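Report on the structure
Read off the chains here:
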Amino acid sequence: QVQLVESGGDSVQPGGSLRLSCTASGRTFSSYYVGWFRQAPGKEREFVAGITWSGGGTFYADSVKGRFTISRDNAKKTVYLQMNSLKPEDTDVYYCAADARLRCVTGSYECDYWGQGTQVTVSS
């Protein structure tokens, strides 16, 4: 079992930056793929970024490439999402998710474990 808790969501102006954190409990977190997703009310959930268990592989949605960076610190059981050059269309609830299978961060984006979400609002 893995429990995930997101933090770092806030309200910022366009062009600003935020760093989201996803902290996990569970002994096997270092062997899990972790992804960040976002969803607004009435919209489908959207994949944002993903990272392999070692951190050696990363994946990004086209809409965030060059602006967002995903990283992880397995010793701290934490995955980060550094978001720069934020735009109003980045406004959403951001969720982290984890799974032992690669499909969580590429392909079907099906993940076994989900956090409760953190709100990001980009507005002037």
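Residues numbered from 1 in each chain as written. Predicted model: local features only at pLDDT ≥ 70, side-chain atom pairs only at ≥ 80, totals over all residues. Heavy atoms only, no water.

This part covers the pattern of salt bridges. The full count for this structure, using the stated rule, is eight salt bridges. With a shortest N-O distance of 2.9 Å, Arg101 and Asp99 are connected by a salt bridge. Look at Asp99 and you get buried, because its relative accessible area is 1%. Among the charged side chains, a network of salt bridges with common partners joins Arg38, Glu46, Arg67, Asp90 and Asp92. (Salt bridge = Lys/Arg side-chain N within 4 Å of Asp/Glu carboxyl O. Buried < 20%, exposed > 50% of the residue type's maximum accessible area, 1.4 Å probe, protein only.)

What follows concerns the state of the cysteines. What the rule picks out here adds up to two disulfides. The disulfide partner of Cys22 is Cys96, and the gap between their sulfur atoms is 2.1 Å. For the disulfide bridge between Cys22 and Cys96, the dihedral angle about the S-S bond is near 65°, and by the sign convention the bridge is right-handed. Highlighted residues: Cys22 in strand β3 (residues 18-25) and Cys96 in strand β9 (residues 92-99), separated in sequence by 74 residues. Each member of the pair, Cys22 together with Cys96, is buried. Each sulfur in the disulfide pair Cys104 and Cys111 lies 2.1 Å from the other. Around the S-S axis, the bridge from Cys104 to Cys111 shows a dihedral of about 100° and counts as right-handed. This pair shows no difference in class: Cys104 is buried, exactly as Cys111 is. Taking only the cysteines that form disulfides and numbering them from first to last, the protein has the pattern 1-2, 3-4. (Disulfide = S-S within 2.5 Å. Helix = DSSP H or I, 4+ residues; strand = E, 2+ residues; numbered from the N terminus.)

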